[in-house]
Amino acid sequence: MGRRFIVFRAHCLAIVAFFSGNTVGLPQSIGAGGDPCRSLVPAAMGGPMLRDNNRIMLRWLSTANYELVYRGQVFLLDAYFDQGPRSRPTGVIPDRVVKTDAIFIGHAHYDHMSDAAPIAQMTNAKVIGAPITIDTAEKLGLPPAQGITVTGGETLQFPGVTVDAALAQHPVLPRVVLEALGKVYELDAGPATPAQDAAEAAIAAKGTFSPDVITKGTIAYGFTFATGFKLLWMDSAGPLTEGVRKLAAKLAPVDIAIVSFAGHPVAQMQSSSDPRNREAVPAAHFFAGPS
Ligand SMILES: [Zn+2]
């Protein structure tokens, strides 16, 4: 046997912070009795911090965004919070973020990094990403001294946390499928107004569509905490790479693996059994423990 699946142990997975786009004037832990794990306010927005040095808080903040809190540090995994007028508030308002120590970016598409530069400017946070990610972030205002470039294979140290970076790969959906999907959304939700279109275009400009993102710009991160807890985060779900395979060999079994699901309209296309998408489910490699 020897296989282990998601185990939460004594760590907490905080509830999602969808409640309002405006947290100003609200108590730090609405209805939570001061419990950081139940707070509706992310720590990055001034919500309560953990007091126990052996607890880790992981909070989902919509799409591939997460907040990771440990030993007084706040890490953001991806930074796409202002998602436009047709999306619900995420609970993070970029120009009101009060604490972030590091922002890890999986890849440089706007829906993963659009708010990284302004948050880094306000909080002095480091931004970690592939060369094209850091280059794009600097064009969007990231102070160069705050960018940390990784290409895969690096190990970064933070107080009580070791972070391993691996070169992953972004999936590619055929253009005709993407166009048809866009049409489906428009038919279902209705077309955007000109004002909505303009707002969404402005957000879409806060990233890059360079082809380098696909094979050179997508990074998986493995977090190993001093408690022994291990978390894998991949914000894209392309084919398995040699880098991801090596990371899995180093980390497996992990306690939590957060792995994106590519937006195939036909679920079977995600499966490794389909020859057009062979080995596109790398998560399984991170759950295999020593036999
Ligand atoms: Zn992407």
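The shown structure was predicted, so the numbers you read here are calculated from the model rather than taken from an experiment. (Residues numbered from 1 in each chain as written. Predicted model: local features only at pLDDT ≥ 70, side-chain atom pairs only at ≥ 80, totals over all residues.)

Could you clarify how one ought to interpret the overall build of the chain in this entry?
When helices and strands are tallied, the chain shows 8 helices and 12 strands. Look at the contacts in the chain between residues 6 or more apart in sequence, and 64% of them connect residues 24 or more apart. (Helix = DSSP H or I, 4+ residues; strand = E, 2+ residues; numbered from the N terminus. Contact = placed C-beta atoms within 7 Å.)

Would you mind going over the environment of Lys99 with me for this structure?
Here Lys99 is to be found in the loop between strand S4 (73-77) and strand S5 (102-104). You can call Lys99 partly exposed: it has 18 C-beta atoms within 10 Å. For Lys99 and Thr123, which are 24 residues apart along the polypeptide, the C-alpha to C-alpha distance reads 5.9 Å. Look past the residues within four positions of Lys99 in its chain and what remains in contact with it is Ala43, Ala44, Val74 and Thr123. (Buried ≥ 20, exposed ≤ 12 C-beta atoms within 10 Å, placed from the backbone.)

Before we go on, may I ask you to explain the nonpolar core in this structure?
Taken as a class, soluble globular proteins show a tendency for nonpolar side chains to be buried jointly. Counting residues in hydrophobic clusters, the biggest one holds 65 residues, and the most contacted among them are Ala79, Ile103, Ile105, Ala116, Val127, Ile219 and Ala220. Sequence-distant contacts of Ala116, that is, excluding residues within four places in its chain, are made with Ala79, Ile103, Ile105, Val127, Ala137 and Leu142. (Core = buried A, V, L, I, M, F, W, Y, C linked by C-beta atoms within 7 Å.)

Before we go on, may I ask you to explain the pairing of S4 in this structure?
A regular strand carries its side chains on alternate faces of the sheet. Along S4, 4 of the 5 residues are buried, which leaves the element largely enclosed by surrounding structure. Relative to S4, strand S3 (residues 66-70) is paired through 5 bridges, and the arrangement is antiparallel. From the neighbouring strand, Val69 faces S4, where its bridge partner is Val74. Of the strand pairs in this sheet, S4 and S5 are connected by 3 bridges, and their pairing is parallel. Bridge assignment links Leu77 to a residue of S5, and that residue is Phe104. (Pairing = 2+ DSSP bridges.)

Please explain the environment of Ala137 as it appears in this structure.
Tracing the backbone shows Ala137 in helix H3 (residues 131-139). Discounting residues that sit within four places of it in the chain, Ala137 has contacts with Met113, Ala116, Ala117, Val127, Gly129, Leu142 and Gly147.

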